[in-house]
Amino acid sequence: IKNVGVYTSGGDAPGMNAAIRAVVRTALYYNLEVTGIRRGYEGMINGDFLTMDRKSVGNIIQRGGTILKTARSEHFKTAEGRKLAYENLKKRGIDALVAIGGDGTFTGAKVFGKEYNFPIVGLPGTIDNDLLGTDYTIGYDTAINTVIDAVDKIRDTAESHDRLFIVEVMGRDSGLIALRTGIAAGAEAILIPETKTDLNALYHKLEQGRKDKSSKIVIVAEGEEAGGAFEIGKLIKDRFPNYDTRVSVLGHIQRGGRPSCQDRVLASRVGVAAVEALLKGHHNEMIGVINGEISYTPFESAIKHNTEINPALLKIVDILSL
Ligand code: F6P
């Protein structure tokens, strides 16, 4: 390997810059060249490349977003798009890739890596924490801290007005952000797609809950099957016209901001390990951390969604929200 290409793709996540920095500096440490590819697969198709040196990744470890920019590419899903990408990589002399992203990114990497026998490894970069093969993804810790910061603020106003709030958090079809933040913010109930929501049980809970509680917060994962925060909010309003109910959808603030210490350290660890893995001949694998140790998981396994919800965590919510 002589020249490693690095790119971020799909939804951005805090800590992606720390990961880019780690990949670039590790490649240089091992005397490799490094090329940044802008906007993920779109940049490969358009030949949007830049040579990276030590300085190009200076002063970015603390910044949210991604200096390489990101995109969701429809063109790369076509054989013709991937051929253009391959030709551009060849022309530029890039002979290995580090992909930073989530399941869409790794699906593209898996297809491309096999089609052109191209060495690619991946780093888990998504706020959703929905990949198998790592305990945590880069960006998840920052996102959940952003969520609890927001919900704590909502709690202040909910408490002042004796209100019930339905707060929707991101996660696509995963409830991991909702579950963890619901516990941390002391939510009265958490609705997630991994478990079937019993609306009657929810109503019962809201009704029977301590009467002297002046605020109530229900956290809803965006992928919840019973509906998003507005639908759930409407059902609750219809059922309890006397409750002063409000809905808040947190949205993209969850994707921004300075990465937490944990995300920076995780990104740095897997970034170094990714380049070392390529040098050792690893292909088509995501580099993660499981129980404190670096782990290697084939792309096809990593993208099988992490649907495991620890039932003990759900029980905690029930016990502690009494
Ligand atoms: O995968 C990260 C994520 O923020 C999900 O939680 C969410 O469903 C999705 O991306 C939103 O994507 P976009 O920013 O393209 O609307």
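Residues numbered from 1 in each chain as written. Predicted model: local features only at pLDDT ≥ 70, side-chain atom pairs only at ≥ 80, totals over all residues. Heavy atoms only, no water.

Neighbouring the ligand are the residues Arg72, Thr126, Ile127, Asp128, Met170, Gly171, Arg172, Glu222, His252 and Arg255. Measuring from an oxygen atom of the ligand, one finds a side-chain N or O atom of Glu222 at 2.5 Å. Across the complex, the protein chains shield 75% of the 400 Å² of accessible surface that the ligand would expose by itself. When its residues are assigned to classes, the shell around the ligand shows two nonpolar, three polar and five charged. (Near = heavy atom within 4 Å. Polar contact = N/O pair within 3.5 Å; in protein donor to acceptor, adjacent residues only side chain to side chain. Areas by Shrake-Rupley, 256 points an atom, 1.4 Å probe, with all protein chains shown as cover. Nonpolar A, V, L, I, M, F, W, Y, C, P; charged D, E, K, R; others polar.)

Time to look at unusual backbone geometry. With a phi angle near 55 degrees, Asp162 is a residue other than glycine that sits in the positive phi range. Counting through the fold element by element, Asp162 comes out in the loop between α5 (140-161) and β6 (164-169). Even without glycine at this site, Asn291 takes up a positive phi of about 50 degrees. Within the element layout of this structure, Asn291 appears in the loop between β10 (285-290) and β11 (293-298). The exposed category is assigned to Asn291, whose relative accessible area is 69%. (Helix = DSSP H or I, 4+ residues; strand = E, 2+ residues; numbered from the N terminus. Buried < 20%, exposed > 50% of the residue type's maximum accessible area, 1.4 Å probe, protein only.)

A word on the sheet that holds strand β8 (residues 216-221). The strands making up a sheet are joined through hydrogen bonds of the backbone, oriented either antiparallel or parallel. The strand order β7-β8-β6-β9 describes an open sheet built from four strands, whose pairing is parallel. What marks the edges here is a single partner per strand, and that holds for β7 (189-191) and β9 (245-249). For this sheet the average axis-to-axis angle between neighbouring strands, irrespective of direction, equals 20 degrees. Here β7 pairs with β8 via three bridges, running parallel. Paired with Ala189 across the bridge in β8 is Val218. Strands in contact with α5 are β6, β8 and β9; relative to β6, the strand with the most contacts, it is inclined by about 165 degrees. (Pairing = 2+ DSSP bridges. Axes fitted to C-alpha atoms, helices over the stretch in contact; angles between N-to-C directions. Contact = heavy atoms within 4.5 Å.)

This next bit is on the pattern of salt bridges. If you walk through the whole model with that rule in mind, you get 13 salt bridges. Residue Arg255 pairs with Asp12 through a salt bridge whose shortest N-O separation is 2.7 Å. Highlighted residues: Arg255 in the loop between β9 and α9 (261-279) and Asp12 in the loop between β1 (3-8) and α1 (16-29), separated in sequence by 243 residues. Across the pair, exposure class does not vary: Arg255 and Asp12 are buried alike. (Salt bridge = Lys/Arg side-chain N within 4 Å of Asp/Glu carboxyl O.)

Moving on to the UniProt feature "binding site: ADP" (unreviewed entry) in the protein. Per the UniProt record, "binding site: ADP" (unreviewed entry) is found at Arg21, Ala22, Val23, Val24, Arg25, Arg155, Gly186, Ala187, Glu188, Lys213, Ser214 and Ser215. What stands out for the annotated residues spanning 195 residues is how far apart their C-alpha atoms range, the widest pair being 52.9 Å apart. Along the polypeptide, Arg155 turns up in helix α5. Residue Arg155 is classed as buried on the basis of its relative accessible area of 18%. (UniProt positions renumbered as here; feature names shortened; annotations may be inferred.)

Moving on, we get to the packing of helix α3 (residues 79-92) against helix α4 (residues 103-115). One can describe the packing of α3 onto α4 by two numbers: an axis separation of 11 Å at closest approach and a directional angle of 65 degrees. Comparing the axis directions of α3 and α4 gives the class roughly perpendicular. Handedness of the α3/α4 crossing: right-handed. For the pair formed by α3 and α4, the contact residues are Arg82, Ala85, Tyr86 and Leu89 on the first element and Val111, Phe112 and Glu115 on the second. Looking at the contact of α3 with α4 residue by residue, the classes come out as five nonpolar, no polar and two charged. (Parallel < 35°, antiparallel > 145°, perpendicular 65-115°, else oblique. Left-handed = near helix turned anticlockwise from the far one by under 90°.)

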